[in-house]
Amino acid sequence: PPFRHLLVPGAARMDKGFGHIVDLVEAMQQRGLTWPIVVQTSLEHGHHKDQDLAAALARLNACGYPGLVLCNEALDRNRYHALFNGAVVIQPYRATDFQDRVSGVTLDALRAGAPIVVTEGTWMARLVQRHHAGVATADLSPSGLIHAIETILADHRSFAEHARQAASQVLAEHSASGLIQAVLTGS
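Residues numbered from 1 in each chain as written. Predicted model: local features only at pLDDT ≥ 70, side-chain atom pairs only at ≥ 80, totals over all residues. Heavy atoms only, no water.

Asker: Describe the packing of helix α5 (residues 104–111) against helix α6 (residues 123–131), and please don't skip the residues or the numbers.
Answerer: The N-to-C vectors of α5 and α6 enclose an angle of 20°; their axes lie 10 Å apart at closest approach. Judged on the interaxial angle alone, α6 and α5 are roughly parallel. For α5 against α6, the interelement crossing comes out right-handed. Contacts between α5 and α6 involve Thr 106, Leu 107 and Leu 110 from the first element and Trp 123, Met 124 and Leu 127 from the second. Classifying every residue of the contact of α5 with α6 by side-chain character gives five nonpolar, one polar and no charged. (Axes fitted to C-alpha atoms, helices over the stretch in contact; angles between N-to-C directions. Helix = DSSP H or I, 4+ residues; strand = E, 2+ residues; numbered from the N terminus. Parallel < 35°, antiparallel > 145°, perpendicular 65-115°, else oblique. Left-handed = near helix turned anticlockwise from the far one by under 90°. Contact = heavy atoms within 4.5 Å. Nonpolar A, V, L, I, M, F, W, Y, C, P; charged D, E, K, R; others polar.)

Asker: Describe empty space enclosed by the protein, listing the residues and the values that go with them.
Answerer: Using the criterion set out here, one finds one cavity of 30 Å³ or more in the structure. Empty space within the largest cavity amounts to approximately 80 Å³. Lining the largest cavity are 13 residues, and of these Val 8, Pro 9, Gly 10, Ala 11 and Lys 16 sit closest to its centre. A breakdown of the residues in the lining of the largest cavity according to their chemical character gives eight nonpolar, three polar and two charged. (1 Å grid on protein atoms, 1.4 Å probe; cavity = no way out; pocket = protein on both sides within 12 Å on 5 of 7 lines; lining within 4 Å. Points joined across faces, edges and corners; volume = space filled by probe spheres on them.)

Asker: Describe in detail the pattern of salt bridges, supporting the description with residues and values.
Answerer: Opposite charge on two side chains permits pairing when their charged atoms draw close. Applying the stated rule across the entire model yields eight salt bridges. For Glu 26, the salt bridge is made with Arg 59, and the minimal N-O distance between the two is 2.7 Å. Residue Glu 26 is found in helix α1 (residues 18–31), and its partner Arg 59 is found in helix α2 (residues 51–62); the two are separated by 33 residues along the sequence. Judged by relative accessible area, which is 23%, Glu 26 ranks as partly exposed. Look at Arg 59 and you get partly exposed, because its relative accessible area is 34%. Ionic pairing is found between Arg 79 and Glu 73, a salt bridge with its closest N-O pair at 3.1 Å. For Glu 73, a relative accessible area of 38% translates into the label partly exposed. Connected via shared salt-bridge partners are Asp 23, Glu 26 and Arg 59. (Salt bridge = Lys/Arg side-chain N within 4 Å of Asp/Glu carboxyl O. Buried < 20%, exposed > 50% of the residue type's maximum accessible area, 1.4 Å probe, protein only.)

See the structure below:
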């Protein structure tokens, strides 16, 4: 599908770069950009008391960006997956925390053919770079994220197709049938 919106899926957490998302939306407002952006702001258990997260949520709610849609509640599976259609997913996750951690959000994005902006030096970045399914950046400032988004939007169709292909390849590489076959043949 053609580009519909930017998407920040999953529960709001500071280690997932939520502060960078707020900075981005505020900059989009200041620059007069018109990209729609959907941000999930539901909280995981244990994050309700995070004061930095509470302050970031308050800033986001007060920014006044007209294209902002907030999803404050946890979504059912169908609504969650529907958000990825036509999306460019933004994942400015903290590199030190996600250097080798797998992200289900990344896999969901690829499955939907949604290109991704990710933090350089993460597992997600290596996956995205290998498949040309988005942009990895070390610059998580609003300018850096906007530049990455613009790069994807300039060739959205190609990035989306690479994302779909990446999903198929990752599924094939990590299929249980391959493991079972290796065990049965002793390879």
